[in-house]
Every structure is written in C-alpha cells, then in structure tokens.
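# An overview of the molecular structure
Listed below, chain by chain, are the residues.
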Amino acid sequence: MKLVPLGVFAVVQLLLGQASVDAVEFDPQVQLVDVSGTHQFQPPGVGDLRGPCPALNALANHGFIPHNGIATIDELVNASMNVFGLGYDLAHLASIYGTAMSVSTDLYHMSIGGPAPRGSTPADADVTLLVNPGGLSTTHVAFEHDSSVTRIDKYIAPDGDASTMSLDLFKKLYYRQQGLPADQVDYNLAILNDHRMQRTFDSLHQNPNFFLSPFAGLMHVGATHALIWQCFANRSAEYPEGRLNRETLLSFYGVEWSHHFTGKHLVYTPGWERIPASWYRRALSDPYTALHTSDDLLAAASQHPDLIDKYSMGGNVNGVDTFIVLEADSLTNGVYKRSELRNDHNLVCLGLIAGLLLSPEYLREYYQDYELNVWPTLMMRLPPLFTDLNCKGLDSVEERLLEMYPGYNLSLGRDIW
Ligand code: HEM
Ligand SMILES: *[C@@H]1O[C@H](CO)[C@@H](O)[C@H](O)[C@H]1NC(C)=O
Ligand SMILES: *[C@@H]1O[C@H](CO)[C@@H](O)[C@H](O)[C@H]1NC(C)=O
Ligand SMILES: *[C@@H]1O[C@H](CO)[C@@H](O)[C@H](O)[C@H]1NC(C)=O
C-alpha cells in the first residue's frame, strides 16, 4: 500500500494556506470553556485511570470524557477537538493509533492510563488479545516516548513509571520564566524548544536505553512540546493566539502553591490536572493540525539544529552518551534523505509513515490475526487524514536497523545483549 496523495488535495492545501493568512478571531462567548455544573472539576477517585497526557487527564476530571478514564475513539476525538481545538487529523490519529497501541479489547475503548481492568471494556468477537489489555501508560516507544516534557524516561524512572509527572522536571520548565512580571509571562514555543533541547540532553546523558523512534523523534516529542503553548494558552482580545501564564500552566499540570510555615512551595497531586476557571480555548476556526505541527517542528529545528541533525531518530547503543543517528536514507532506502528532512513536510511525513509501517512490530504481539483487523483499519483510516501534507509515498522501512538500539528491543520485550 502506498501513501500517495491525490492531485486534488494539492489544491485544497493551497486554499487552506490562503485562509490561514487571516488573523485569528477571538470570541469570548464561544471560546470560554465552562467548567461549572456537569463539567466541574472532580478529582479522580479510587479506580479512576489517569496517565501520561495532561490534556486527557484534565478532560476526564471535568467529565468531557468519562471520569473513570476509559473513553471511546469518538469521545476522545470530540473532546480533543471541542475543548482544546486539536485538528481533525491529529485528534483522529492520536485516538485511533493510541487505541490500537493500548491493547484494546474492542479497538474502540482506550484507557488513558494504566491497564483497563479485565471486563471494564466491552469484548469484540473479532478481537482476540495475545496479552493483557493495556492503556496509554503501557505504550512505551509505540506511542509514549523518551525525552517527554515532564515525564521521566521509562527505563530510568522509579518503578518504570513514565506516566506520572516528575515535579522536578516540571519545575525546570516553570522556572524558565523566573523573575518575569506576571503580565509578561508566556511559555511560548521558543521557551518550550529550549526545554526540549534540555530534555534531549537529559535522556542522552542519563538513559542508557534512550531511544527515539521515527514517530517520536520526528514528530511526537516536538508536537507535545508545542501543544503546551498551542492548546493550553489562554486566549483573549489582546492575545487571540494565546498567552500561557503561570497559573494556567500550573493548573493543567495539577500543580499548586502550598503555603507552609517554612515558606511556599509547589505541590503536585498526580491526576489532578485541571482546566482553570475563566480559560478561553484556541479558536475552533483555527484548529491545531498536522500542518501547524510541521511549522512548529521546523521552527524548533532552526532554533536548535541539533534536534534534527543529531538527535532526531536513533538512540544510545552502548550506555549513556553513545547516541547513533538512525539515518533516514537507510531507513527508507533513499526515499527520504537526512539532507531533505527540512523540506516540505518531510518531518511530519516520515514520522507518520515510518510510525505506521513499524506499528505491526507491536500489533503482532498484541492482537491475534492483527493483519486481518487492526492493521488494515489503521492503513485505511490514518493515511487519508494527511493527504494535505502531500507526503512522498513509502512502501516499507528497514526495521532491522532499529535492532541496534537496546531501547527499541526492550520495548518489544526482546532480549538485549
Ligand atoms: C486525542 C487524544 C490524545 C491522546 C491519545 C494523547 C496521548 C498522549 C500520550 C501517549 C502522551 C505521552 C507522550 C510522552 O511520552 O511524552 C501525551 C503527552 C502529552 N499530550 Fe496528549 N494525547 C491526546 C490529546 C492531547 C491534546 C488535545 C493535547 C492538548 C494540549 C495534548 C497535550 C499533551 C502534552 C502537552 C503532553 C506532554 C506531557 C508531558 O510530558 O508533560 N494531548 N499525550
Ligand atoms: C462533543 O463535545 C461537546 C463539547 O464538549 C459536547 O457538548 C458533546 O456532548 C460531545 N458529543 C459527544 C457525542 O460526545
Ligand atoms: C484569560 O485571559 C482573560 C483576559 O485577559 C483573563 O480575564 C482570564 O483570567 C485569563 N484566564 C486564565 C486562566 O488565565
Ligand atoms: C535486538 O534483538 C535482535 C533480534 O532478537 C538481536 O539480533 C539484536 O542483537 C538485539 N539488539 C540489542 C542491542 O541487543
């Protein structure tokens, strides 16, 4: 199957390109997210699942998806688009791909955290699992990844927990605006790119099993950093494209100031991610799509060229500080070249296509006859979401090149030497 776009979509892309020149609108009535009544904050109780994504945790805490943390693809898509302004393409990608990688009993329900208890999600006669059901927290390398904004890499985290936030990592981000007057604070893309560069060095220097798959290294790590500003920032007439102040960042990360006789300090309560009161979301007329991600990834690459030139795909091979780049040229047999990764939408394109082509490595371990149900579904539903990127088609990738990375093998439950 080739991921070849149809010519007609090039025209659509031109039209979209023109539309996005228009200034972003701000309409307080439609952009205010009402967190009263049925959408009041309700922290997770015993048995409620919360995981690595602060946005999904917050959606569950406010009842925009089920409070127990088990949601359907449609619920995830709808809430991501309507509450955060995520684009149709990325919302479907994350929900459909994430559900498949979460070891779902019916390929429709997903736990946003740890394994969904058996019986808590419907069975489907067409889906036979080879392992226990999982959740977003059990998707290491397949989806959840190293060098996260505020989560410790799985193979160096206490108890292998890469889903709960590290308050220390959060503080590294939070204090990047130290000393600035409140009305000037903005955790913008430039700040987040600096943080991403630092998080890459953290993994390089601390994690012998550091590994960035094509999907993570080219797309997901950068996308999650950008989303913090793009989808958490508060909109106003003055800042229609958003400004992310301290209280909003704290709230979406479940962190509060605690006042104690020894002074005030930051306290994190896992799972208490919260949409702040008087928060105005991204305009739904300007959703955050893969085209925006492409722009944000390129901006990050020009700010920190090493994010592409040294630390995009690949990992440590023999202890810390032994990073070897996984070359795009060899991975794709020359279809995508390292020297061309900054051209067009190649970062997003290769991240997506290689991610999709590598996904059977995981699917075959999770689903019986994966090539009859889950794999064709992904191949049918995901590529059409991204026709406007005009990606170069690719039939296959050289999976065996990934086997030099212990972090890759470990994620597949394979032995490492
Ligand atoms: C459509 C459903 C979504 C799914 C399945 C999903 C899944 C995930 C996963 C698996 C991670 C962990 C990645 C890592 O290892 O760092 C993550 C992180 C993240 N997601 Fe989501 N996500 C979704 C929607 C959103 C939305 C709408 C936002 C909007 C702000 C968002 C913002 C983030 C951020 C900021 C992180 C980084 C967390 C950190 O390390 O601090 N996600 N998401
Ligand atoms: C979709 O999201 C909106 C806004 O949160 C909500 O009012 C609506 O009930 C949701 N629809 C479904 C089918 O979940
Ligand atoms: C968002 O901006 C508006 C206008 O400046 C402000 O009134 C509101 O308090 C802000 N919300 C948050 C959560 O910062
Ligand atoms: C990863 O697994 C493959 C296949 O079992 C093996 O050939 C390779 O040596 C392993 N790589 C590492 C780094 O252990």
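Residues numbered from 1 in each chain as written. Chains lettered and ligands numbered in written order. Predicted model: local features only at pLDDT ≥ 70, side-chain atom pairs only at ≥ 80, totals over all residues. Heavy atoms only, no water.

The next point concerns the confidence of the model for the protein chain. The predicted structure's coordinates, where accompanied by low pLDDT, should not be read in detail. Scored by pLDDT, the protein chain has a mean of 94; 94% of the residues are at 70 or more. Scored below 50 in pLDDT, residues 1-21 shows 21 contacts in the model against residues more than four places distant or in partner chains. (pLDDT = per-residue confidence, 0-100. Contact = heavy atoms within 4.5 Å.)

Our next topic: the nonpolar core. Membership of the largest hydrophobic core comes to 105 residues, with the highest contact counts inside it found for Phe84, Leu93, Leu249, Tyr253, Leu350, Leu363 and Leu389. Per-element accounting of this core gives the leading share, 10 residues, to helix α13 (residues 346-358). Not counting chain neighbours up to four residues away, the residues in contact with leucine 363 comprise Ala100, Met101, Tyr370, Val374, Trp375 and Leu378. Core analysis: the second largest hydrophobic core is formed by 11 residues, Phe210, Ala300, Tyr311 and Val325 among them. (Core = buried A, V, L, I, M, F, W, Y, C linked by side-chain atoms within 4.5 Å. Buried < 20%, exposed > 50% of the residue type's maximum accessible area, 1.4 Å probe, protein only. Helix = DSSP H or I, 4+ residues; strand = E, 2+ residues; numbered from the N terminus.)

All told, the structure shown has 5 cavities of 30 Å³ or more when counted by the stated rule. Of the voids in this model, the largest cavity is the one considered here, and its volume is about 830 Å³. In this structure, the largest cavity is lined by 37 residues; those nearest its centre are Cys53, Phe143, His220, Thr224 and Leu227. Every element with two or more residues in the lining of the largest cavity is listed here: α3 (54-61), α4 (73-84), α5 (88-101) and α8 (214-232). Grouping the amino acids of the lining of the largest cavity by side-chain chemistry returns 26 nonpolar, 9 polar and 2 charged. Space inside the second largest cavity adds up to approximately 90 Å³. Forming the walls of the second largest cavity are 13 residues, and the residues nearest its centre are Tyr97, Val141, Ser213, Leu358 and Tyr362. Mapped by element, the contributors of at least two residues to the lining of the second largest cavity are α8 and α13. Here the lining of the second largest cavity is built from residues that sort into 10 nonpolar, 3 polar and no charged. (1 Å grid on protein atoms, 1.4 Å probe; cavity = no way out; pocket = protein on both sides within 12 Å on 5 of 7 lines; lining within 4 Å. Points joined across faces, edges and corners; volume = space filled by probe spheres on them. Nonpolar A, V, L, I, M, F, W, Y, C, P; charged D, E, K, R; others polar.)

Once that is clear, we can look at unusual backbone geometry. Despite not being glycine, leucine 107 has its phi angle at roughly 55 degrees, a positive value. In this structure, leucine 107 sits in the loop between α5 and β2 (109-111). Located in the positive-phi region is serine 278, a residue other than glycine, with phi close to 55 degrees. With respect to the helices and strands, the residue serine 278 is situated in the loop between β5 (263-268) and α10 (290-303).

Quick look at the layout of surface pockets now. Put simply, the second largest pocket is a space of about 410 Å³. When residues of the lining of the second largest pocket are traced back to their parent elements, those giving at least two are α9 (246-252) and β4 (255-260). Considering each element in turn, the lining of the second largest pocket owes the most residues, 5 residues, to α9. Taken together, the residues of the lining of the second largest pocket sort by class into 11 nonpolar, 7 polar and 4 charged.

Looking now at the packing of aromatic side chains. Each aromatic ring pair is characterised by the separation of its centres together with the angle its planes make. If you walk through the whole model with that rule in mind, you get 22 aromatic pairs. Counting every residue linked through ring pairs, the aromatic cluster contains Phe84, Phe170, Tyr174, Tyr175, Tyr187, Phe232, Phe252, Tyr253, Trp257 and Trp279. Against the face of tryptophan 257 rests lysine 264, its NZ or CZ located 4.3 Å from the ring centre. The ring of tyrosine 336 carries the charged tip of lysine 392 above its face, separated from the ring centre by 4.9 Å. (Phe/Tyr/Trp six-rings, centres within 6.5 Å; stacked < 30°, edge-to-face > 60°. Lys NZ or Arg CZ within 6 Å of the ring centre and 35° of its normal.)

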